Amino acid sequence: MKLHVDLKENGYDILVEHGILAHIQEVVDLKRKVMIITDENVPKAYTDTIAKQCKEAYIEVLPAGEASKQLSTFQALCEKLLNNHFSRKDCVLALGGGVIGDVSGFVASAYMRGIDFIQVPTTTLSQIDSSIGGKVAVNLDEVKNIIGAFYQPRKVIIDPDTLQSLPKRHYINGLIEALKAGLIYDASLFELFESEDIQAVYDTILYKALCVKKAVVEKDEKEQNLRKILNFGHTIGHAIESYYHLEEYLHGECVAMGMLYFIDDPSLKQRVLRVYERLGIQKETSFDPTSIYHLLCNDKKASGNSVTCVHVKELGKAELIETPLELLKTKLGG
């Protein structure tokens, strides 16, 4: 399967194929220096499969998790590129989940003011959502994605077979972003979660979720307006992540909790809760509302005393509403 993200000079292809890692050299230019950035959770076999197809591979294995998404990691990787004499003709290849894609893309965006960046996502979260659209970033202290850029990949290569090594919790974590895409844009995608064997229809879920992300990004690459709907659940979700020091819960789990605050139709909310139960997704956690409020004030979507929140009033349709921070504090129970 091939999709093209049409962004004029920044456009790129998304290739989805079972087993594509084994012949990735046929679709990506690896006849140059390639820094493969991955983490400890990604099977070494995936890295080796790609490295042996490269003319000159440099492998950087980072600790797994949000702790790697820091400025210190960014600096260390840039130094590695410099010390190994990478030029503007060379490239960075991200092999892993959302953290690896984010930090690798930010490195590629900044080194020599931009070198080629290839996304090879190996988790449901990165395949369905984070590898597409060009948002790259690192965290500062415990504030998510506050330092970053818009930098599109040259190509996205998705091999669904890589999900075989993924723990169930991480597999479900990424599916939440597809559920989100259905709620805000594609009712038929959401309905798959209500009636189908999820693993059996994963390829369909992936395709539909990619089509949502592609359609939105093509209309609004730099998040001036429409693309903000992709933040559904993220405003409070990111704050919950930060509250738990980016450790207790996974990104998708926090987004799932965050979405419930902004589903305005009670009957739809009940349908969502039934899907959560079906997938084993936690619907709530305990937190100090005042602490969450202060984290919301630091959110990059906040402006003055308000923040743009994404509401879903009916299935498949999202609405952007400028919301006073004090009202959010009340919604949180503070």
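The present account deals with the structure reproduced in this document. All figures in this text were calculated on a predicted structure; none of them were measured in a lab. (Residues numbered from 1 in each chain as written. Predicted model: local features only at pLDDT ≥ 70, side-chain atom pairs only at ≥ 80, totals over all residues. Heavy atoms only, no water.)

Section: the packing of aromatic side chains
Taken as a whole, this structure holds six aromatic pairs when the rule is applied. Plain terms: the ring middles of tyrosine 58 and phenylalanine 86 are 5.3 Å apart, the flat faces sit at 65° to each other, and that makes the pair edge-to-face. Placement of tyrosine 58 in strand β4 (residues 56-62) and of phenylalanine 86 in the loop between α2 (71-83) and β5 (91-96) is noted, with a sequence separation of 28 residues between them. For the pair tyrosine 58 and phenylalanine 86, one class covers both residues: buried. A connected cluster of aromatic rings, assembled from ring pairs, spans Tyr243, Tyr244, Tyr249 and Phe287. (Phe/Tyr/Trp six-rings, centres within 6.5 Å; stacked < 30°, edge-to-face > 60°. Helix = DSSP H or I, 4+ residues; strand = E, 2+ residues; numbered from the N terminus. Buried < 20%, exposed > 50% of the residue type's maximum accessible area, 1.4 Å probe, protein only.)

What to know about the pattern of salt bridges
Throughout the structure, instances matching the rule amount to 18 salt bridges. Of the charged contacts in the structure, one is a salt bridge between glutamate 253 and arginine 169, with a shortest N-O distance of 2.7 Å. With a gap of 84 residues between them, glutamate 253 in helix α9 (residues 251-259) and arginine 169 in helix α5 (residues 168-184) connect regions that are remote in the sequence. Take glutamate 253: its relative accessible area is 15%, and that puts it in the buried class. Two residues, glutamate 194 and arginine 271, come together in a salt bridge whose shortest N-O distance is 2.8 Å. In this pair, glutamate 194 sits in helix α6 (residues 187-195) while arginine 271 sits in helix α10 (residues 266-279), placing the two residues 77 residues apart along the sequence. The class of glutamate 194 is partly exposed, set by a relative accessible area of 30%. (Salt bridge = Lys/Arg side-chain N within 4 Å of Asp/Glu carboxyl O.)

A closer look at the nonpolar core
Counting residues in hydrophobic clusters, the biggest one holds 70 residues, and the most contacted among them are Ile14, Leu175, Phe193, Ile205, Phe232 and Tyr276. Here this core gets nine residues from one element, more than from any other, and that element is α5. The residues contacting isoleucine 205, other than those within four sequence positions of it, are Leu175, Ala178, Leu189, Leu192, Phe193 and Ile198. Of all hydrophobic cores here, the second largest spans 21 residues; its members include Ile37, Val107, Tyr111 and Ile115. (Core = buried A, V, L, I, M, F, W, Y, C linked by side-chain atoms within 4.5 Å. Contact = heavy atoms within 4.5 Å.)

With respect to the side chain of lysine 214
Residue position: lysine 214 is located in helix α7 (residues 202-219). Apart from the residues lying within four places of it in its own chain, the contact partners of lysine 214 are Leu3, His4 and Val5.

Considerations on α10
Helix length check: α10 (14 residues) gives 20 Å between terminal C-alpha atoms against 20 Å at 1.5 Å per residue, within 8%. For α10, the set of buried residues is Leu268, Val272, Leu273, Val275, Tyr276 and Leu279. Buried residues in α10, looked at end-on, bunch into an arc of 160°, giving them a common side. Facing away from the buried side of α10 by more than 90 degrees, the exposed set consists of Pro266, Arg274 and Glu277. (Expected span 1.5 Å × (residues − 1). Arc of directions from axis to C-beta.)

A closer look at the pairing of strand β2 (residues 12-16)
By the criterion of burial, β2 is predominantly enclosed, with five of the five residues buried. Where strand β1 (residues 2-5) and β2 come together, four bridges link them in antiparallel fashion. By the bridge assignment for β2, histidine 4 is matched with aspartate 13. Between β1 and the antiparallel strand that follows it, β2, lie six residues; lysine 8 among them carries a positive phi value of about 60°. Bridging between β2 and strand β9 (residues 155-158) involves four bridges; their strand directions are parallel. Opposite isoleucine 14, over in β9, you have valine 156 as the bridge partner. (Pairing = 2+ DSSP bridges.)

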